[in-house]
Amino acid sequence: MSAIVIDGKALAAKVKEQVRAKAKKLNAQPGLAVIIVGDNPASRVYVNGKKKDCEECGFFSQEYALSGTTSQQELLELIGKLNERQDIDGILVQLPLPEQFDEQEVLRAIRPDKDVDCFHPYNVGKLMIGEEGYLPCTPSGVMRMLEEYGVEVAGKHCVVVGRSNIVGKPQAILMLRKHATVTICHSRTSDLADQCRRADILVAAVGRTGLITADMVKEGAVVIDVAMNRNEQGKLCGDVCYEEVAQKASYITPVPGGVGPMTRAMLMENTLYAAQSHGK
């Protein structure tokens, strides 16, 4: 068999068009502030992409490009000012920050109602107990993809490889909320291959090229590759050995063009939600 390819790029365009249509009906433009510190090339690519998304959705966006020598206090003061601005509905600090910063303190400084990344402990807590609120962008993008392609989650065994606060843990929570049985694997999991072979839905989110091979995937499994790596030739790739796994999976996401575009689209959806919550 050959897997159906889940086209994240096409679905992201559809989501952004829906967001744009809803934004037009608001009394004021949704506003997103993006803060980037230092000169990380990958971060610059991501920030430029988010600015483009804002334009496509009809949002106001403002970038704050700070030097790598910016102090923690200076960054916190900027966030404090953005917290009080009525034209700014969402605040995004591009990660990773330079090593001198305390990332958790920075993320906690963002007002929870403007935390469109869903990184603040308040919003993570709401996610955990199932209350309505922001959803983390990458995991919610994965759920939207499964929904769009008619993949039933309830009752299925989902294996998430990776336990990060940004993807692995919240992905497991969202799967649980849709009534999946969830296993989280990580660096200390014994016999990772055996655990993966049990999965009806396998989500790879580690950041290690070639981690998931065909012998680790059950025939007909749905394979979601969240990672964004570069191989020895400099080519973008995920954690999954795409060509060989695609011969066993029922559905698979490519890298690039899979989860990445959906992550950005869900950020736009969160920013729209923030503007609506602020009475726009």
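Residues numbered from 1 in each chain as written. Predicted model: local features only at pLDDT ≥ 70, side-chain atom pairs only at ≥ 80, totals over all residues. Heavy atoms only, no water.

Asker: Break down the pairing of strand β6 (residues 181–185) for me, with residues and values.
Answerer: In this structure, strand β5 (residues 157–161) lies alongside β6, joined through five bridges in parallel fashion. The residue of β6 that forms the bridge with Val 159 is Thr 183. Traced from β5 through helix α7 (residues 168–177) to β6, the parallel crossover comes out right-handed. (Pairing = 2+ DSSP bridges. Helix = DSSP H or I, 4+ residues; strand = E, 2+ residues; numbered from the N terminus. Right-handed = clockwise from strand over helix to strand, strands pointing away.)

Asker: Talk me through the nonpolar core; I want residue IDs and the actual numbers.
Answerer: Counting 49 residues, the largest nonpolar core has Leu 146, Met 175 and Ile 224 as its most contacted members. The element that contributes the greatest number of residues to this core is helix α10 (residues 259–277), accounting for nine residues. Every residue in contact with Leu 146, bar those within four places of it in the chain, is listed here: Val 151, Val 153, Met 175, Val 222 and Ile 224. Grouped together as the second largest cluster of nonpolar side chains are 21 residues, Met 216, Val 217, Val 240 and Ile 252 included. (Core = buried A, V, L, I, M, F, W, Y, C linked by side-chain atoms within 4.5 Å. Buried < 20%, exposed > 50% of the residue type's maximum accessible area, 1.4 Å probe, protein only. Contact = heavy atoms within 4.5 Å.)

Asker: How would you summarise the sheet that holds strand β1 (residues 4–5) if you had to cite specific residues and measurements?
Answerer: Spatial strand order, β1-β11-β8-β7-β5-β6: six strands in an open sheet with parallel pairing. Since the sheet does not close on itself, it has two edges, and those belong to β1 and β6, each with one partner. In this sheet, strand β11 (residues 251–252) lies alongside β1 in parallel orientation, the contact comprising two bridges. Bridge pairing in β11 places Ile 4 opposite Tyr 251.

Asker: Help me get a handle on the environment of Leu 211, residues and values and all.
Answerer: Following the sequence through the fold, Leu 211 ends up in the loop between β7 (201–204) and β8 (222–225). Under the relative-accessibility criterion, Leu 211 is labelled buried at 13%. Put simply, Leu 211 and Val 240 are 29 residues apart on the chain and 6.1 Å apart in space, counted from C-alpha to C-alpha. Apart from residues no more than four positions distant in its own chain, Leu 211 is found in contact with Val 161, Leu 192, Val 206, Met 216 and Asp 239.

Asker: Could you give me a rundown of helix α5 (residues 121–129), with the residues and numbers involved?
Answerer: In an α-helix there are 3.6 residues to a turn, and that puts residues three or four apart on one side. Within α5, the full set of buried residues consists of Asn 123, Lys 126 and Leu 127. The buried residues of α5 occupy an angular sector of 100° when projected down its axis, which confines them to one face. More than 90 degrees from the buried face of α5, the exposed residues found are Met 128 and Ile 129. For α5, the elements touching its buried residues are α7. Just past α5, the residue Gly 130 takes up positive phi, approximately 85°. (Arc of directions from axis to C-beta.)

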